[in-house]
Amino acid sequence: MIVHLKANTSQEKAGQIAEKLNAFHIKSSGIHVLITEASTKEIPGEIENDVDKFWVFDNDIQLASKKYCSDKREVKIGNVSIGGNNNSTLLIGGPCSVESEEQIRSSAELLVGMGLSTLRGGCYKPRTSPYSFQGMGLEGLKLLAKMREEYGLNVITEARDATHIDEIIHYSDVIQVGAKAMYDQGILRACAKTQKPVLIKRGFGTTLKEFVQAAEFVLSGGNENVILCERGLRTFETGTRFTLDLCGVAWLQEHVNLPIVLDPSHAMGYAYGVPVLSRACVAMGIDGLLIETHPNPKVAKSDAAQQLNYDEFKALFESLKPVAKSVGYKMV
Ligand code: PEP
Ligand code: MN
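Thresholds, definitions, all that
Residues numbered from 1 in each chain as written. Chains lettered and ligands numbered in written order. Predicted model: local features only at pLDDT ≥ 70, side-chain atom pairs only at ≥ 80, totals over all residues. Heavy atoms only, no water. Near = heavy atom within 4 Å. Polar contact = N/O pair within 3.5 Å; in protein donor to acceptor, adjacent residues only side chain to side chain. Areas by Shrake-Rupley, 256 points an atom, 1.4 Å probe, with all protein chains shown as cover. Nonpolar A, V, L, I, M, F, W, Y, C, P; charged D, E, K, R; others polar. Phe/Tyr/Trp six-rings, centres within 6.5 Å; stacked < 30°, edge-to-face > 60°. Helix = DSSP H or I, 4+ residues; strand = E, 2+ residues; numbered from the N terminus. Buried < 20%, exposed > 50% of the residue type's maximum accessible area, 1.4 Å probe, protein only. Lys NZ or Arg CZ within 6 Å of the ring centre and 35° of its normal. Donors = N, O, S within 2.8 Å, 3.2 Å for Na, K, Ca; no water. Salt bridge = Lys/Arg side-chain N within 4 Å of Asp/Glu carboxyl O. Pairing = 2+ DSSP bridges. Axes fitted to C-alpha atoms, helices over the stretch in contact; angles between N-to-C directions. Core = buried A, V, L, I, M, F, W, Y, C linked by side-chain atoms within 4.5 Å. Domains from an automatic or database assignment.

Novice: How should I be thinking about the site of ligand 1 in this particular structure?
Specialist: Taken together, the residues surrounding ligand 1 are Cys96, Arg120, Lys125, Glu158, Gln176, Gly178, Ala179, Lys201, Arg231, His266 and Glu292. Ala179 is positioned such that a nitrogen or oxygen atom in its backbone is 2.8 Å from an oxygen atom of ligand 1. Between ligand 1 and Glu292, the relevant distance is 3.2 Å, taken from an oxygen atom to a side-chain nitrogen or oxygen of the residue. Out of a free accessible area of 290 Å², ligand 1 has 92% covered by protein chains. Across the shell around ligand 1, the residue classes tally to 2 nonpolar, 3 polar and 6 charged.

Novice: What am I meant to see in the packing of aromatic side chains here?
Specialist: The description of an aromatic ring pair rests on the distance of the ring centres and on the angle between the ring planes. Tallied over the full model, the rule gives 3 aromatic pairs. Aromatic pair Trp55 and Tyr68: ring centres 4.8 Å apart, planes at 90°, arrangement edge-to-face. Of the two residues, Trp55 sits in strand β4 (residues 51-55) while Tyr68 sits in the loop between β4 and β5 (74-77), which places them 13 residues apart along the sequence. Both residues of the pair, Trp55 and Tyr68, count as buried. Residues Phe204 and Phe242 carry aromatic rings whose centres are separated by 5.3 Å and whose planes lie at 20° to one another, so their mutual orientation is stacked. With Phe204 in the loop between β11 (198-201) and α6 (208-220) and Phe242 in the loop between β12 (226-230) and α7 (246-255), this pair connects stretches of sequence that are 38 residues apart. Taking relative accessible area as the criterion, Phe204 reaches 26% and is therefore assigned partly exposed. With a relative accessible area of 6%, Phe242 lands in the buried category. Across the ring face of Phe242, the terminal group of Arg231 is positioned such that the distance to the ring centre comes to 4.2 Å. Across the ring face of Phe133, the terminal group of Lys301 is positioned such that the distance to the ring centre comes to 5.0 Å.

Novice: Sorry if this is basic, but what is going on with the coordination of the manganese ion (ligand 2) here?
Specialist: Ideal coordination angles are 109.5 degrees for a metal with four donors arranged tetrahedrally and 90 or 180 degrees for a metal with six donors arranged octahedrally. Within the first shell, the manganese ion (ligand 2) binds the protein through Cys96 (SG), His266 (NE2), Glu292 (OE) and Asp303 (OD), at distances of 2.1 to 2.3 Å. All donors to the manganese ion (ligand 2) come from one chain, and their sequence spacing reads C-x169-H-x25-E-x10-D. On the criterion of sequence distance, the pair formed by Cys96 in the loop between β7 (88-94) and α2 (101-114) and Glu292 in strand β14 (residues 288-292) is long-range, its members being 196 residues apart.

Novice: Quick question: what am I supposed to make of the pattern of salt bridges here?
Specialist: Between side chains of opposite charge, a pair can form when the charged atoms approach closely. For the structure shown, the criterion picks out 16 salt bridges. Taking the shortest distance from any N to any O, the salt bridge between Asp58 and Lys67 comes out at 3.6 Å. Put simply, Lys125 and Glu158 hold a salt bridge, and the shortest N to O gap is 2.8 Å. Taken together, the residues Lys125 in the loop between β8 (118-120) and α3 (138-151) and Glu158 in strand β9 (residues 154-159) connect sequence positions 33 residues apart. With a relative accessible area of 3%, Lys125 lands in the buried category. Overlapping salt bridges, with partners in common, bring together Glu101, Arg105, Lys146 and Glu150 in one network.

Novice: What am I meant to see in the sheet that holds strand β2 (residues 24-28) here?
Specialist: In space, the 4 strands of this open sheet follow the order β2-β3-β1-β4, with antiparallel pairing throughout. Across the chains shown, the open sheet's two edge strands, defined by having one partner strand only, are β2 and β4. Between one strand axis and the next, the sheet turns through 25° on average, direction left out of account. Summarising the sheet, β2 and strand β3 (residues 31-35) pair through 5 bridges and their orientation is antiparallel.

Novice: Help me understand unusual backbone geometry in this model?
Specialist: Across residues other than glycine, the phi torsion is negative in most instances, and most of the peptide bonds are trans. Positioned with a positive phi, Asn22 is a non-glycine residue whose angle comes to about 55°. One can find Asn22 in the loop between α1 (11-21) and β2.

Novice: Looking at this structure, I do not really get the nonpolar core. What am I missing?
Specialist: Nonpolar side chains tend to gather and get buried jointly when the protein is soluble and globular. Ranked by internal contacts, the top residues of the largest apolar core, which has 80 residues, are Leu119, Val177, Ile200, Leu289 and Phe313. Both domain 1 (2-55) and domain 2 (74-331) contribute no fewer than three residues apiece to this core.

Rendered as structure tokens:
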């Protein structure tokens, strides 16, 4: 259950009520909001007079539910925003991994030249093999921060585990929680304590409910700036790397009030499929599109097969504009 207390409720009183209900207590637009387990269906008589409104739910998708807030939330990322009534699709581009200053600077210059605002690049890579490139770590984060400073870009980078989450929160404008990391409650709880935007990627074996529940960890801890990212599920198919769950995206659009980003690069796993898949994504009217691009994909230290070269990335952006327009959106 979600409870809004009356506007004049003091902090102390709200705290006491939260304790009585064994509830999470956050403040949203100046209102005291309490969140209990979904099994709570009734307001106890002794607090009835303190309650302004309340909502009951069938399960623990609560703060993220459209039943609670039917409008899509808007999340600010520096001087741009994603979601809300923007009707725009934010193109997030950059390499899988930050590999050198020269490489990430070339990506930053590419984006600036195209009028784009948000640069991605992993520094702590959640690789399947311990022998593969693991990312530049803190040195990479400092390079991203340098790009932000020099080019005025927003940067997004992923947390692999909770050990370096404070570094990521410090250096990044958007904290990416990867598909393998989205069950790490150390990361989720740390993300709840900051106000920086958090982009949670869906695990490749994660149900939609579990996906949104990961978001609830962040929302119920007091950070309302959560973005969801669908990046493909593991199925029986081996011809493509993963299977992009567009049905799941339609479900999220219907039931969940968080902005949605799609990542066709990781889903497809091969550069040849990324443009067509991207056009399908944008045709759904989505809030963001995450695309990996590299100055020379052949020599990329991670996810080489799926990264677009810069010419392909520029051509993709142009091709997406009319698709976005056809559904009342614009590419930004
Ligand atoms: C990435 O964005 O480079 C990445 C590792 O993504 P995912 O967590 O979706 O595998
Ligand atoms: Mn990658």
